[in-house]
Each structure stands twice: as structure tokens, then as C-alpha cells.
Amino acid sequence: MFTIDQLVGFVAVAEELHFGRAADRLQMTQPPLSRQIQKLERIVGAKLFERDNRKVELTAAGAVFLDEARRLLTQAEGALAHTRRIEAGSAGTVRIGFTATSAYGVLTQVLDQIGSACPGIHLDLFEMVSTEQIAALLSGELDLGLARPPFDTTTFASRLLHREDLLVAVPSGHRLAEQRHGVPADQVIHEPMIMYSPVKARYFYDLVVRLLPIADVNVVHQVSQVLTMISLVASGRGIALVPASAAWLGIPGVSLIPLTGLPPEPVELHTLWLREVKNPALQTVLDHLLPAAS
């Protein structure tokens, strides 16, 4: 197989139609250039130049090969430039995991920011619950997660990305729907409650039971996704505690009411990644887009 140096030498001779000028252009002497061309002709299996003491001309095969040689050199230069951009972190791919609720506004803001600040970086998206993201980060299937705490801080680095309030979702005709300015938390704990799964929605389950003393007897359903929860509320199956971003769903028949007596913005979403960053593109994203480490 021919080499890049042989192609460069061939193009120089083809453009100069003179071995001496081509050698000067390449900052080399003429004899090794002539040997390069001879070896290239043997590899290609065709005579590329007609040459005598007076002139050098491309053969028909040489004219065709010139186009191919230029194309190959352009591709090689592009590959080198792309590799350098990847090494520098200005190009490459970042694989991002995200929770379903983070797609309600937060994810699109992150994508817009990355697209604006790092246009050469391609993003692959994977919807996963936080536990799945942690496993995928450990296995190398993800580079970055948009996930809920807690995390193993010895293995992972994280930065707080977003905070929001916890609201109560009620059917539009429910008596609590009239309290637009806020419902005291102790007024919801005895209502039929659509609750989070303690396995598949562990973060929200732990958050709710930490903030409110909800009795098991009042739990009518346990689900893992906020969309399912809101849909059940709309059908009158009960009330639910949901992040404020659930308003993005716009499901009719549901009112979202503030809760009073709770800590402000208790719902957290973090960016999460392995402390040892091996992907230069990920480092670029971290350096340009995320706030100071929390």
C-alpha cells in the first residue's frame, strides 16, 4: 500500500511537471523523490508519468490517479484535524443520561447551552432513572448524568444543576384546587395519595416521606413516572406531590398548587460524572457550562 509521503510527492510532481521544482517545493533532493514515484508506480501497477530529458507529462492513468490522490490527502488532513479537535476537547461525543422529569425544561436548556458553547460536540441522549445512570456511568456507557442524589462522592463528582419546589397535583374540581396561593402540607396527608414507587422512584419516594407523614393506608397507587402520576390525578384517582416542572406537561384537568410549610425548592437535579474524566469532550462541557462545584 502506498504512503501519504508518496501521494504528496506524486501530487507535487503532477502539479509542477518537473522533478527538480517538485523536489524544491518539498524541501528534498530529486533522487529520493524519483524513487518515491517509481515505487508508487509499482504499487499502483500503472505508469503515472511520461518523462524524458525535456519534459514530464501525466499519463491517462496518472491524470485519473491525481484526482484520487488529492481526495485521499484531503481526507487524511481532515482526519488529522478531527483527531486533534477530539484530543483538545472541541469535538467528539458526550453520552448524557437524563431522568424523565429533567426533560421538562431542564434538559432542553442544557442541550441549548452545549450546542451554543460547544458546536463541535455531538450529544447522545439516554432516558434512565438515576440508579440506571449510576450503573451506566460506572460501566462506561455514559459520560454525564442528569440525576438525583445521593451519590457516592468518592467515585462521582457532581454539581447542582437545578432546584425546584414540590407541588400538590389535584383534580381541577377538587376542594384544594381553590387554594391557589398555597395548601398547608398537613391538609394533604389524609387525602387519597398517588405515591412514588420506593424501588423505581426512590429519590422522590424518600423525599416525600421525609417531608410529610403520609400513612400507607392513604396510598391508593404507587407509580414510577410523573407523567403516569399526573394522568391518574386527572382521572380523579387521587392527589400527588410532583416537582414544579410537571407544569410543562400541560395535562388538562389537573391543578398544581404550592405547598406551604415545606423547605423551599427541595427537589434537586445534579450533573454527575466519574471523578476521573477520560473524555476530553466531557471536560470541555464541564469547563464551559456548569456552575462552580457544589
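Residues numbered from 1 in each chain as written. Predicted model: local features only at pLDDT ≥ 70, side-chain atom pairs only at ≥ 80, totals over all residues. Heavy atoms only, no water.

Here we look at the overall build of the protein
- Per the secondary structure count, the protein includes 9 helices and 13 strands.
- Computed over C-alpha atoms, the radius of gyration of the protein comes to 32 Å, more than 25% over the 19 Å expected from 2.2 N^0.38 for 294 residues, which places it beyond the range of a compact globule.
- Across its three principal axes, the protein shows a C-alpha extent of roughly 105 × 40 × 30 Å.
- Relative to its full complement of 294 residues, the protein shows a buried share of 44%. (Helix = DSSP H or I, 4+ residues; strand = E, 2+ residues; numbered from the N terminus. Rg over C-alpha atoms; globule rule 2.2 N^0.38 Å. Buried < 20%, exposed > 50% of the residue type's maximum accessible area, 1.4 Å probe, protein only.)

Some remarks on the side chain of His270
- By secondary structure assignment, the location of His270 is in strand E13 (residues 267-274).
- Owing to a relative accessible area of 8%, His270 belongs among the buried residues under this scheme.
- One polar contact links His270 to Glu268, side chain to side chain, over a distance of 2.8 Å. (Polar contact = N/O pair within 3.5 Å; in protein donor to acceptor, adjacent residues only side chain to side chain.)

Comments concerning the packing of helix H5 (residues 106-117) against helix H9 (residues 280-289)
- Where H5 contacts H9, the two axes come as close as 10 Å, and the packing angle between them is 105 degrees. Relative to H9, the element H5 lies roughly perpendicular. Across the interface between the two elements, Gln113, Ile114 and Ala117 from H5 touch Val285, His288 and Leu289 from H9.
- Looking at the contact of H5 with H9 residue by residue, the class counts come to 4 nonpolar, 2 polar and no charged. (Axes fitted to C-alpha atoms, helices over the stretch in contact; angles between N-to-C directions. Parallel < 35°, antiparallel > 145°, perpendicular 65-115°, else oblique. Contact = heavy atoms within 4.5 Å. Nonpolar A, V, L, I, M, F, W, Y, C, P; charged D, E, K, R; others polar.)

A short note on the sheet that holds strand E3 (residues 92-98)
- Within the open sheet, the 5 strands sit side by side as E4-E3-E5-E13-E6. Their pairing is mixed. Single-partner strands in this sheet number two, and they are strand E4 (121-127) and strand E6 (156-164). Taking the axes of each pair of neighbouring strands and ignoring which way they run, one obtains an average angle of 20 degrees across the sheet.
- Strand direction decides the pairing type here: E3 and strand E5 (residues 144-147), joined by 3 bridges, are parallel. (Pairing = 2+ DSSP bridges.)

Things to note about the environment of Gly97
- Positionally, Gly97 belongs in strand E3.
- According to the relative accessible area criterion, Gly97 is buried, its value standing at 0%.
- Gly97 sits 174 residues away from Thr271 along the chain, and the two C-alpha atoms are 9.6 Å apart.
- The residues contacting Gly97, other than those within four sequence positions of it, are Phe126, Gln133, Leu142, Leu144, Gly145 and Leu146.

Some words on the nonpolar core
- Judged by nonpolar contacts, the single largest core of 38 residues is most densely connected at Val168, Val188, Tyr196, Leu212, Leu241 and Val242.
- Every element with two or more residues in this core is listed here: strand E7 (166-171), strand E9 (193-196), helix H7 (202-211), helix H8 (226-234), strand E11 (240-243) and strand E12 (254-260).
- For this core, the element with the highest residue contribution is H7, accounting for 5 residues.
- When sequence neighbours within four positions are dropped, the list of residues in contact with Val168 reads Val183, Val188, Ile239, Ala240, Leu241, Ser255, Leu256, Ile257 and Leu259.
- Counting residues in hydrophobic clusters, the runner-up holds 20 residues, among them Ile96, Leu107, Ile121 and Leu144. (Core = buried A, V, L, I, M, F, W, Y, C linked by side-chain atoms within 4.5 Å.)

Structural notes on helix H3 (residues 30-44)
- Taking 1.5 Å per residue, 15 residues should reach 21 Å; H3 reaches 21 Å between its end C-alpha atoms and fits that length.
- When we look at burial in H3, the residues that qualify are Leu33, Ser34, Gln36, Ile37, Leu40 and Glu41. Take H3 and look down its axis: the buried residues cluster within an arc of 155 degrees, on one side only. Turned more than 90 degrees from where H3 packs its buried face, Arg35 and Arg42 sit exposed.
- Note on H3: the residue one or two positions beyond its end, Gly45, has a positive phi of about 80 degrees. (Expected span 1.5 Å × (residues − 1). Arc of directions from axis to C-beta.)

Here's the deal with the sheet that holds E7
- Overall, mixed pairing links the 4 strands, which are arranged E8-E12-E7-E11 in an open sheet. Of all strands in the sheet, those with a lone pairing partner are strand E8 (183-184) and E11, marking the two edges.
- Of the pairings in the sheet, the one linking E8 to E12 comprises 2 bridges and is parallel in character. Each residue of the ladder has a partner; that of Pro184, found in E12, is Thr260.
- In the packing of H8 onto the sheet, the strands contacted are E7, E11 and E12, and the crossing angle to E11 comes to about 135 degrees.

A few points about the packing of aromatic side chains
- Enumeration over the complete set of coordinates arrives at 6 aromatic pairs.
- Note on Phe19 and Phe49: the rings are 6.2 Å apart at their centroids and 65 degrees apart in plane angle, and the pair reads as edge-to-face. Of the two residues, Phe19 sits in helix H2 (residues 19-25) while Phe49 sits in strand E1 (residues 49-51), which places them 30 residues apart along the sequence.
- For Phe49, a relative accessible area of 0% corresponds to the buried category.
- With centroids separated by 5.3 Å and ring planes inclined at 75 degrees, the aromatic side chains of Tyr203 and Phe204 adopt a geometry described as edge-to-face. Considered together, Tyr203 and Phe204 belong to a single accessibility category, that of buried residues.
- Three or more aromatic residues joined by ring pairs make a cluster, and in this case those are Phe2, Phe10, Phe19, Phe49 and Phe65. (Phe/Tyr/Trp six-rings, centres within 6.5 Å; stacked < 30°, edge-to-face > 60°.)

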